[in-house]
Protein chains: 2
Amino acid sequence: MTESEFRHEGLAATLLEAAETELSQSGIERISLRAVAKRAGVSHGAPAHHFGDARGLLTALAAKGYQRLLHYQTSREETAGPEPLARIIASGLGYIEFAVAFPELFALMFNSAVPDRSDTRFFNVALSVFERLVENTQAHNGRNPYTDPDSMKDLMASWSVVHGLAELIISGRAERTLGLDQMTEAQREETLTAILLRVNRTGS
Amino acid sequence: MTESEFRHEGLAATLLEAAETELSQSGIERISLRAVAKRAGVSHGAPAHHFGDARGLLTALAAKGYQRLLHYQTSREETAGPEPLARIIASGLGYIEFAVAFPELFALMFNSAVPDRSDTRFFNVALSVFERLVENTQAHNGRNPYTDPDSMKDLMASWSVVHGLAELIISGRAERTLGLDQMTEAQREETLTAILLRVNRTGS
DNA sequence: GCATTTTGCTTGACACTGTCTAGATACATC
DNA sequence: GATGTATCTAGACAGTGTCAAGCAAAATGC
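Residues numbered from 1 in each chain as written. Chains lettered and ligands numbered in written order. Predicted model: local features only at pLDDT ≥ 70, side-chain atom pairs only at ≥ 80, totals over all residues. Heavy atoms only, no water.

Draft legend 1. Representation of the confidence of the model for chain A. Per-residue confidence for chain A gives a mean pLDDT of 93; residues scoring 70 or more make up 94%. The low-confidence segment residues 1–8 of chain A, where pLDDT is below 50, has three contacts with residues more than four positions distant or belonging to other chains. (pLDDT = per-residue confidence, 0-100. Contact = heavy atoms within 4.5 Å.)

Laid out in structure tokens, this is it:
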């Protein structure tokens, strides 16, 4: 691999890293394509060649975020063991852990109209997150959400509480009310688990 | 009241209306202060005199949104009757109804770092929404969320599922999976109620 | 009733933004 | 070695939010 190939292959990745840094520092509403290029050490026109426009760059970054979210969930589930409910809770805790660790990236992925959802890579990896939830739901309640409306309601209730809790935490609306900021890591987990369990209890 | 007095008194309100129209059309990431001013029929520097800067204008708009949200919830609760659980569900349905009716405004209120939360008007009206939930929760489980941690968990679980469901619906992640787009209004309500009830069931 | 201050808004300037186009440089291919 | 292609630079353009200066009208002071 020559130097130029390295630079060629590397610039797209370098730009994505620079974009994530800029995103976490400036927020989704103030991120600047020129600042990203400057951070990556290239001219302001360089990103266009790899990502088309600013939207293309942020779509790629959001897709990268979904892959990381998936990894956070997988990691949690593996330590949770085989019990279906435990895996759903673990998956939810991973979802929240990711949102807290990368709040601006999370906002880009879920609260923004910027990423192009028809982008193949973005679509597929976002679908993977959903299908994991489908599998976990079916393992838990024994019914396929795609064919059983009640099972899909279980799924959406589970997703909603996880997603909503993540949003309320990263927007600062849950930290103080729940006293999360004064808790140990174990207490945090216990508190969040107790909340998630309120929607995943047994009984239709 | 002279013509100039009318314009004077009215411009702030006119700008807010223009801002909401622009927001709903352009979205939170593309709204332009100059376009708002143009729509209101004034120069691009006029808004600064009433709202300081763009953030001030959008903070005022978000506060107006909270008032409207409160109204949507009140309206629903009044028709729901006195039963606490019914009021919680009604309040949640009003929350979702508001989000679906004004998705960009909802995003401005909850998913944006733009509104200044230390703004007195914004803070107070946002607090009103929360305190309504506090009252409903206490009426439902009989314990004060401010002093009883478990009651606060009930509250946050209830808020999370409502907020999360609203987010997932307006971002297009729930409509098709739940088949909401092919339902009658009554069926929609029934489906959403069934989901909300999964977290507000008795027990614990 | 006149002078003065204050208010509400306009106008123009500034730095900054994303995108487009033309050009330069280095690589690959024949 | 010549041609073509990919990668990146550099400049221009319209549009953005904010700021300062100016202006007209209303409010205020005497």
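That shown, we press on.
Draft legend 2. Quick peek at the side chain of B:Arg173. Mapped onto the elements, B:Arg173 comes out in the loop between helix 8 (149–170) and helix 9 (175–178). One buried charged residue, B:Arg173, forms no salt bridge at all, with the nearest opposite charge on B:Glu167 at 7.6 Å. Polar contacts involving the side chain of B:Arg173 include one to the main-chain carbonyl oxygen of A:Met109, which spans 3.1 Å. Sequence-distant contacts of B:Arg173, defined by excluding residues within four places in its chain, comprise A:Tyr66, A:Met109, A:Phe110, A:Arg117, A:Met156, A:Trp159 and B:Leu168. (Helix = DSSP H or I, 4+ residues; strand = E, 2+ residues; numbered from the N terminus. Buried < 20%, exposed > 50% of the residue type's maximum accessible area, 1.4 Å probe, protein only. Lys, Arg positive; Asp, Glu negative; His and termini not counted. Salt bridge = Lys/Arg side-chain N within 4 Å of Asp/Glu carboxyl O. Polar contact = N/O pair within 3.5 Å; in protein donor to acceptor, adjacent residues only side chain to side chain.)

Draft legend 3. Layout of the UniProt feature "DNA-binding region" (unreviewed entry) in chain A. Under the local residue numbering, the UniProt record ascribes the feature "DNA-binding region" (unreviewed entry) to residues 32–51 of chain A. Annotated as 70% helix and 0% strand, the span residues 32–51 of chain A places its first and last C-alpha atoms 15 Å apart. (UniProt positions renumbered as here; feature names shortened; annotations may be inferred.)

Draft legend 4. Representation of the packing of aromatic side chains. All names here are of chain B. For the structure on display, the rule yields 20 aromatic pairs over all chains. Where Tyr95 meets Phe106, the ring centres are 5.7 Å apart and the plane angle is 80 degrees; that geometry is what we call edge-to-face. With Tyr95 in helix 5 (residues 84–101) and Phe106 in helix 6 (residues 103–110), this pair connects stretches of sequence that are eleven residues apart. No difference in accessibility class separates Tyr95 from Phe106, as the two residues are buried. Ring geometry for Phe106 versus Phe110: centroids 4.8 Å apart, planes at 45 degrees, classification tilted. (Phe/Tyr/Trp six-rings, centres within 6.5 Å; stacked < 30°, edge-to-face > 60°.)

Draft legend 5. Structural view of the pattern of salt bridges. Scanning the entire structure with this criterion turns up 22 salt bridges over all chains. As a salt-bridge pair, A:Asp154 and A:Arg143 come within 3.6 Å of each other at their nearest N and O atoms. Of the two residues, A:Asp154 is situated in helix 8 (residues 149–170) and A:Arg143 in the loop between helix 7 (120–141) and helix 8; the sequence distance between them amounts to eleven residues. Among the residues examined, A:Asp154 registers a relative accessible area of 18% and is labelled buried. The closest approach of N and O atoms between B:Arg87 and B:Glu77, which form a salt bridge, is 3.2 Å. With B:Arg87 in helix 5 and B:Glu77 in helix 4 (residues 54–80), this residue pair connects regions lying ten residues apart in the sequence. Look at B:Arg87 and you get partly exposed, because its relative accessible area is 26%.

Draft legend 6. Here's a closer look at the interface of chain A and chain B. Contacts between the two partners involve 40 residues from chain A and, on the opposite side, 40 residues from chain B. Carbon and sulfur atoms supply 57% of the area that chain A and chain B bury against each other, a total of about 3400 Å² over both sides. The largest share of the area that chain A buries against chain B comes from A:Glu29, A:Arg173 and A:Arg198, three residues that together contribute 21% of it. For the pair chain A and chain B, the number of links is two salt bridges. We note a salt bridge from B:Asp154 to A:Arg198, for which the minimum N-O separation is 2.4 Å. For the pair chain A and chain B, the number of links is twelve residue pairs in polar contact (both at pLDDT 80 or more). (Buried area = accessible area lost by both parts, 1.4 Å probe.)

Draft legend 7. Geometry of the packing of helix 4 (residues 54–80) of chain A against helix 6 (residues 103–110) of chain A. Residues and elements named next belong to chain A. Where helix 4 meets helix 6, the closest approach of the two axes is 9 Å, and the angle between their N-to-C directions is 110 degrees. Considering the angle they form, helix 4 stands roughly perpendicular to helix 6. As for how helix 4 packs across helix 6, the hand of that crossing is left-handed. When helix 4 is examined against helix 6, the residues Leu58, Leu61, Ala62, Gly65, Tyr66, Arg68 and Leu69 are found in contact with a partner set consisting of Leu105, Leu108, Met109 and Phe110. Among the residues making up the contact of helix 4 with helix 6, the classes are represented as nine nonpolar, one polar and one charged. (Axes fitted to C-alpha atoms, helices over the stretch in contact; angles between N-to-C directions. Parallel < 35°, antiparallel > 145°, perpendicular 65-115°, else oblique. Left-handed = near helix turned anticlockwise from the far one by under 90°. Nonpolar A, V, L, I, M, F, W, Y, C, P; charged D, E, K, R; others polar.)

Draft legend 8. Just the relation of the copies chain A and chain B, in detail. Its rotation angle being 180 degrees, the transformation that places chain A on chain B also includes 0.0 Å of axial translation and leaves an RMSD of 0.0 Å. Such a turn and shift between the copies fits a two-fold axis. A symmetric contact is evident, with 100% of the interface residues of chain A recurring at the interface of chain B. (Least-squares fit on C-alpha atoms with pLDDT ≥ 70 in both.)

Draft legend 9. Here's a closer look at the packing of helix 4 of chain A against helix 7 of chain A. All names here are of chain A. At a minimum axis separation of 8 Å, helix 4 and helix 7 run at an interaxial angle of 25 degrees. On the basis of their axis angle, the class for helix 4 and helix 7 is roughly parallel. Taken as a pair, helix 4 and helix 7 cross one another with a handedness that is left-handed. For the pair helix 4 and helix 7, the contacting residues are Thr59, Ala62, Ala63, Tyr66, Gln67, Leu69, Leu70, Gln73, Thr74 and Glu77 in the first and Arg121, Phe122, Val125, Ala126, Ser128, Val129, Arg132 and Asn136 in the second. Residues belonging to the contact of helix 4 with helix 7 are distributed by class as follows: nine nonpolar, six polar and three charged.

Draft legend 10. Spotlight on the domain arrangement of chain A. Residues and elements named next belong to chain A. Domains assigned within chain A are domain 1 (1–52) and domain 2 (54–197). Centre-to-centre, using C-alpha coordinates, domain 1 lies 27 Å away from domain 2. Here domain 1 and domain 2 share an interface that buries about 1200 Å² over both sides, 77% of which is from carbon and sulfur atoms. Taken together, the connections running from domain 1 to domain 2 amount to one salt bridge. Put simply, Arg68 and Glu20 hold a salt bridge, and the shortest N to O gap is 2.7 Å. Our count for the contact surface shared by domain 1 and domain 2 stands at two residue pairs in polar contact (both at pLDDT 80 or more). Among the secondary structure elements, those contributing two or more residues to the side of domain 1 that touches domain 2 are helix 1 (3–26) and helix 2 (33–40). Tallying contributions element by element places helix 1 first for the side of domain 1 that touches domain 2, with seven residues. Residues of the side of domain 1 that touches domain 2, tallied by class, amount to nine nonpolar, two polar and two charged. (Domains from an automatic or database assignment.)

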